[in-house]
Amino acid sequence: MIRLEEINKTFNKGEANEVSALKNISLEIKEKEFVMLVGGNGSGKSTLLNVISGKVNAGSGKIFLDNIDVTRFEEYQRSKWIARIFQDPLTGTAPDLSILENFRLASLRTQKKNLSIGTGKKFQEFVKEKIAVLGLGLETRLNRPMNSLSGGQRQALTLVMAIMCEAKVILLDEPSSALDPKTAVLVMQSAEKIIRDYGLTAVLVTHNIKDTLSYGSRIIQMDEGRIMRDMRGYEKSALKAGEVAEWFG
Ligand SMILES: Nc1ncnc2c1ncn2[C@@H]1O[C@H](COP(=O)(O)OP(=O)(O)OP(=O)(O)O)[C@@H](O)[C@H]1O
Ligand SMILES: [Mg+2]
């Protein structure tokens, strides 16, 4: 689903503050894999997600999505494959607009073909059905403005909006780290449910040791722009908290 071939990324090349953020990264992520991406501050995790999504151009190397070479594709051209979730629950939403209006914007952005877009009854029912999956009761409050909701509620809704576009890949950069512990659990559970229910391929960055052990089918640890560890299946499930703690730098 995602394939990186010898990706390098250097910021401020040739200047005193030159940073080599990604060093010769080659990586293949299969369809429906759920990767937990960990590593210390500045190890290159966000840059890796940005290079996959096209927000940041790779200095060298190739990127494939579904076996299509997208290295030269702009971010918006890759958005038909990729949805993104950030740390700040308000990123990508319009805070003053209602839940329904935000979903309308989300569907306009991604131009979902076979759904008449608007605030009409059919669209409302469609959104209600999607939101109900979260089990937060928000489907009865579609007219509430986004900024009247808690951070966790907003983040959970952002997750649902992300799947409106039928993207196959979801990249989540510390989706729960700005939330209180209880809400963080709710958002992680919502993320897992959506990833599973929609059969998405996911890469999730976290600094939370417990989440690293509880979620995902694969764990990748980065250090100074390189992949240091890459574990799946039994190897991942056998990991202990003490062991993983060291990988966070
Ligand atoms: N736009 C940029 N311009 C210059 N340097 C950058 C830029 N983006 C990232 N870097 C540098 O690249 C390196 C990797 O940064 P990155 O944000 O990918 O790390 P990270 O693993 O996501 O860290 P954190 O856990 O703190 O979020 C860091 O040294 C950072 O300062
Ligand atoms: Mg980061």
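Residues numbered from 1 in each chain as written. Chains lettered and ligands numbered in written order. Predicted model: local features only at pLDDT ≥ 70, side-chain atom pairs only at ≥ 80, totals over all residues.

Quick look at the overall build of the protein chain
Broken down by element type, the protein chain carries nine helices and 10 strands. Relative to the 2.2 N^0.38 estimate, which gives 18 Å for 249 residues, the radius of gyration of the protein chain is 18 Å and therefore close to what a compact globule would have. Each principal axis of the C-alpha distribution contributes one length, and for the protein chain these read about 55 × 40 × 35 Å. Expressed as a percentage of the 249 residues in the protein chain, the buried residues total 35%. (Helix = DSSP H or I, 4+ residues; strand = E, 2+ residues; numbered from the N terminus. Rg over C-alpha atoms; globule rule 2.2 N^0.38 Å. Buried ≥ 20, exposed ≤ 12 C-beta atoms within 10 Å, placed from the backbone.)

Observations concerning the environment of glycine 225
By the element assignment, glycine 225 lies in the loop between β9 (218-223) and β10 (226-232). What makes glycine 225 buried here is the crowd of 22 C-beta atoms within 10 Å. The spacing of glycine 225 and threonine 47 is 178 residues in sequence and 9.0 Å in space, taken between C-alpha atoms. If sequence neighbours within four positions are ignored, glycine 225 has contacts with Ser20, Ala21, Leu22, Lys23 and Gly44. (Contact = placed C-beta atoms within 7 Å.)

Quick notes on the site of ligand 1
Every residue near ligand 1 is listed here: Phe11, Asn12, Val19, Ala21, Gly39, Asn41, Gly42, Ser43, Gly44, Lys45, Ser46 and Thr47. Elements with a contribution of two residues or more to the shell around ligand 1: β2 (19-29) and α1 (45-53). The element contributing the most residues to the shell around ligand 1 is α1, with three residues. Class assignment of the residues belonging to the shell around ligand 1 gives a composition of three nonpolar, eight polar and one charged. (Near = placed C-beta within 6 Å. Nonpolar A, V, L, I, M, F, W, Y, C, P; charged D, E, K, R; others polar.)

Observations concerning unusual backbone geometry
Most of the time, phi is negative for any residue but glycine, and the peptide bond is trans. One non-glycine residue, glutamate 6, lies in positive phi territory at about 45°. The residue glutamate 6 is located in strand β1 (residues 2-11) in this model. If you check the backbone angles, aspartate 66 has positive phi at about 55° while not being a glycine. Take aspartate 66: it is sitting in the loop between β4 (60-65) and β5 (68-69).

Quick notes on the sheet that holds β5
Sheet architecture is open: four strands sit in the order β2-β1-β4-β5, paired in antiparallel fashion. A strand with exactly one partner marks an edge of an open sheet, and here the two such strands are β2 and β5. Where β1 and β4 come together, five bridges link them in antiparallel fashion. Bridging from a neighbouring strand, arginine 3 pairs with phenylalanine 64 of β4. Packing against the sheet, α1 makes contact with β1, β2 and β4, and its axis sits at approximately 60° to β2. (Pairing = 2+ DSSP bridges. Axes fitted to C-alpha atoms, helices over the stretch in contact; angles between N-to-C directions.)

Things to note about helix α6 (residues 181-197)
The periodicity of an α-helix, 3.6 residues per turn, causes residues three or four places apart in sequence to face the same way. For α6, built from 17 residues, the straight-helix expectation of 24 Å at 1.5 Å per residue is met to within 8% by its first-to-last C-alpha distance of 24 Å. Tucked inside the fold, the buried residues of α6 contact β3 (34-39), α5 (151-163), β7 (169-173), β8 (201-205) and α7 (209-214). (Expected span 1.5 Å × (residues − 1).)

A closer look at the sheet that holds β10
Read across the sheet, six strands follow the order β6-β7-β8-β3-β9-β10 without closing on themselves; strand pairing throughout is mixed. What marks the edges here is a single partner per strand, and that holds for β6 (82-85) and β10. Each neighbouring strand pair of the sheet contributes to a mean axis angle of 15°, computed without reference to strand direction. Pairing of β3 with β8, which is carried by four bridges, proceeds in the parallel orientation. By the bridge assignment for β8, leucine 37 is matched with valine 205. Of the strands in this sheet, β6 and β7 are in contact with α5, which crosses β6 at around 170°.

A short note on the nonpolar core
Leu37, Val169, Ile170, Leu171, Leu172 and Ala202 are the most contacted members of the largest nonpolar core, which totals 59 residues. Setting aside chain neighbours within four positions, we find leucine 171 in contact with Leu49, Ile52, Ser53, Ile82, Arg84 and Val203. (Core = buried A, V, L, I, M, F, W, Y, C linked by C-beta atoms within 7 Å.)

Comments concerning the pairing of β7
The buried fraction of β7 is high, at five of five residues. Across the two faces of β7 the burial is the same, with Val169, Leu171 and Asp173 and Ile170 and Leu172 all buried. Here four bridges tie β6 to β7, and the two strands are oriented parallel to one another. The residue of β7 that forms the bridge with alanine 83 is isoleucine 170.

With respect to the pairing of β10
Alignment of β9 against β10, held across six bridges, turns out to be antiparallel. Looking at the pairing, isoleucine 220 lines up with aspartate 230 of β10. Where β9 hands over to β10, the hairpin turn is made up of two residues, of which glutamate 224 adopts a positive phi near 45°.

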